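Each chain is listed here by its residues.
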Amino acid sequence: MLACAVTALAFSGCDGGGFGDPCLGTGTLPPDSLEDYSAKCLDAIGLDVPAFSCDDGTVIPQTNLSTDPYPSASCDAPNVLEGRCDPDSTFQVLAQTDEAIVVALCRKKGAEDGIYRDIAVIQYNQVNGATCFYQALDDALEAAVTAPSDTSGTFPWFSPPDTAIVNCVECHDNGPFIRSPYLAQLRNEPVNRLPGTNDDDNVWGPPNEWNKFQPYTFVGNDFQSWQVESLSLPDVSCMNCHRMAVSKTEGAYNFGAGTALNFGPISTAMDQTNKNIHSEDSPIWMKPDQELYLAEVESDALAVQACALAIVGEGPLPAGCTAVAYGGGDTCESEPAGGQSASDPPASPIPISPQGLNL
Amino acid sequence: MSLSTRLHVLWAPPLLLVWFAACDSTVEQPGKPPRGTACVAACELQHPAGLYHYELVISECVCTSCSEDCRSEVCGNKQTPSDGCLPCVQDSLEGEACNEHGGLFQTCLGDKECAEFVACVTACDPVPIE
């Protein structure tokens, strides 16, 4: 089996540099066990995922919450995954160094005290881009979570192949962390704040240009087919601050979500599902420091969406719309993905024709 | 085109085979296509990979239109919907909660196998309430 995998790697076409066509699709390699995956992640990222309690996290504020029951309530900053206000959900930073971070999000989804229904962990190294995802979904997840590496752990973590099915990259396509107001509102928390949200956060702060230049690669056999492409389009402002991206899984573009296809229009629209009317208390997501809807900003987001639709083969190609594959499975690299940093210029974009790389 | 219409177009011939293979005693007359939970069971047999994905990411969106009992049965215990619960699950699957705000459940609708399983379930005829 190992010989096959090595042979497959050797002939995978990865040696052309960067993230061309998918290298090792999910299913080409044997699936990782949770233990093997967490060991690979520790090796690549340098920080482990510890045991933790969701109840120890910072409760994500749902200010000006309406009296409607979950999931119908509105609030100032609903989540974007489902467009819901989800009271008593928690976020926490489990471990952090200058290079790496491990964060956990425990979504309540209406469950009773001490119970959660969606627990997810992201483990990321901003120097080499290595990223790991852990997921648990169930109607009644206990707050006490055992470490994925703990072979005697009883927490029902998904196996890596099952987490791959969840297809995290479909949304997390411009970098490891989606900084919507739902989590960005924790920017002033002393510990439990999302990277790229606090101006004084040194290497973890916005001055490091989050989701613009940081490398992004996926660790583990089950995630090698994930690929992300960053879009370019003249005369729009979104990409001045961060990538707008699309993603592929097993060689096919993801259509359902993502920054360019979905979050851009959501973040700039006149209204947002279950969000209170844009106001000082409930400012619009994009752009930063903007409170109310601006047609020209939405127009930019829709232009990027049109570019993305063309790239995935669902529309005409706007003038100047290009995409460059900037991240993928970590076995697909011929050189370290961490070649770029905040101070380095971005890689030259490689024009991509609709539905694929045109190298 | 709605999910159910798509199912009728795409899966009518294969379903005929499954109907004969998977019908159980709840089917009133031999040779008649199964309805209700028996039909869903046939879908489960026909789309095992889709069922697997569906069960991984099942969420309350699938039960948006359901009573507490059906919610517990389908979304809590992840059981095959009973005859009584199937209509509310079908309504939920075709509703906005799953299709526009389904969260992780939308990965199911974006996956061919899972989407075909959902379409199969959505197209099942309910058992008439006596």
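Residues numbered from 1 in each chain as written. Chains lettered and ligands numbered in written order. Predicted model: local features only at pLDDT ≥ 70, side-chain atom pairs only at ≥ 80, totals over all residues. Heavy atoms only, no water.

S.K.: For this particular structure, what's the right way to read the overall build of chain B?
M.R.: Looking only at helices and strands, chain B has eight helices and zero strands in total. Counted from the first residue to the last, chain B has its helices and strands arranged as α-α-α-α-α-α-α-α. The buried share among the 130 residues of chain B stands at 48%. When contacts within chain B are restricted to residue pairs at least 6 apart in sequence, long-range pairs at least 24 apart make up 64% of them. If you sum the accessible surface of chain B, you get close to 6,300 Å²; carbon and sulfur atoms cover 56% of it. (Helix = DSSP H or I, 4+ residues; strand = E, 2+ residues; numbered from the N terminus. Buried < 20%, exposed > 50% of the residue type's maximum accessible area, 1.4 Å probe, protein only. Contact = heavy atoms within 4.5 Å. Areas by Shrake-Rupley, 256 points an atom, 1.4 Å probe, with all protein chains shown as cover.)

S.K.: What's the story with the nonpolar core in this structure? I'm lost.
M.R.: The nonpolar side chains of a soluble globular protein tend to be buried with one another. If you look at the biggest cluster of nonpolar residues, it comprises 52 residues, and the most contacted ones within it are A:Phe52, A:Ile119, A:Val121 and A:Trp157. Looking at which element gives the most residues to this core, the answer is strand β4 (residues 100-107) of chain A, with seven residues. What A:Ile119 contacts, discounting residues up to four positions off in sequence, is A:Phe52, A:Cys54, A:Leu105, A:Cys106, A:Tyr134, A:Gln135, A:Ala136, A:Leu141, A:Glu142, A:Val145, A:Phe155 and A:Trp157. Formed by 35 residues, the second largest nonpolar core is a distinct cluster that contains B:Cys85, B:Cys98, B:Leu104 and B:Phe105. (Core = buried A, V, L, I, M, F, W, Y, C linked by side-chain atoms within 4.5 Å.)

S.K.: Is there a simple way to explain the interface of chain B and chain A in this structure?
M.R.: Counting from both sides, the interface comprises 15 residues of chain B and, opposite them, 17 residues of chain A. The contact between chain B and chain A buries some 1,400 Å² in all, and 58% of this surface belongs to carbon and sulfur atoms. The three residues of chain B that bury the most area against chain A are B:Leu56, B:His101 and B:Leu104, which together make up 41% of that side's buried surface. In this assembly, chain B and chain A are joined by one salt bridge. For B:Glu60, the salt bridge is made with A:Arg84, and the minimal N-O distance between the two is 2.3 Å. In this assembly, chain B and chain A are joined by four residue pairs in polar contact (both at pLDDT 80 or more). Taken together, the elements giving at least two residues each to the side of chain B that touches chain A come down to α3 (48-57) and α4 (68-76) of chain B. (Buried area = accessible area lost by both parts, 1.4 Å probe. Salt bridge = Lys/Arg side-chain N within 4 Å of Asp/Glu carboxyl O. Polar contact = N/O pair within 3.5 Å; in protein donor to acceptor, adjacent residues only side chain to side chain.)

S.K.: Explain the sheet that holds strand β12 (residues 322-329) of chain A here, please?
M.R.: By way of backbone hydrogen bonds, the strands of a sheet pair with one another, either parallel or antiparallel. All names here are of chain A. Overall, mixed pairing links the ten strands, which are arranged β2-β3-β4-β5-β6-β8-β12-β9-β10-β11 in an open sheet. Because the sheet does not close on itself, it has two edges, and the strands there are β2 (58-59) and β11 (252-253). Here nine bridges tie strand β5 (residues 115-125) to strand β6 (residues 130-142), and the two strands are oriented antiparallel to one another. The partner of tyrosine 124 across the bridge, within β6, is threonine 131. (Pairing = 2+ DSSP bridges.)

S.K.: Help me understand the state of the cysteines, please; the structure alone is not making it clear to me.
M.R.: By definition, a disulfide links two cysteine residues through a covalent bond between their sulfur atoms. The full count for this structure, using the stated rule, is eleven disulfides over all chains. Linked covalently through their sulfurs, A:Cys75 and A:Cys85 form a disulfide whose S-S length is 2.1 Å. Its torsion about the S-S bond being -100 degrees, the disulfide of A:Cys75 and A:Cys85 is classed as left-handed. A residue pair is termed long-range when its members are at least 10 positions apart, and A:Cys75 in the loop between β2 and β3 (90-96) and A:Cys85 in the loop between β2 and β3 qualify at ten residues. For the pair shown, A:Cys75 and A:Cys85 are each scored as buried. At a sulfur-sulfur separation of 2.0 Å, the disulfide partner of B:Cys63 is B:Cys75. Looking along the S-S bond of the B:Cys63-B:Cys75 disulfide, the torsion reads about 105 degrees, which is the right-handed sense. Of this pair, B:Cys63 sits in the loop between α3 and α4 while B:Cys75 sits in helix α4, and the two are twelve residues apart along the sequence. (Disulfide = S-S within 2.5 Å.)

S.K.: Would you mind showing me how to read a negative patch on the surface here?
M.R.: Taken together, the side chains of A:Asp55, A:Asp56, A:Asp88, A:Glu112 and A:Asp113 present a region of like negative charge at the surface. For A:Asp88, the position within the fold is in the loop between β2 and β3. (Patch = residues over 30% accessible without salt bridge, like charges linked within 9 Å, V, L, I, M, F, W, Y side chains within 5 Å. Lys, Arg positive; Asp, Glu negative; His and termini not counted. Charge placed at Lys NZ, Arg CZ, Asp CG, Glu CD.)

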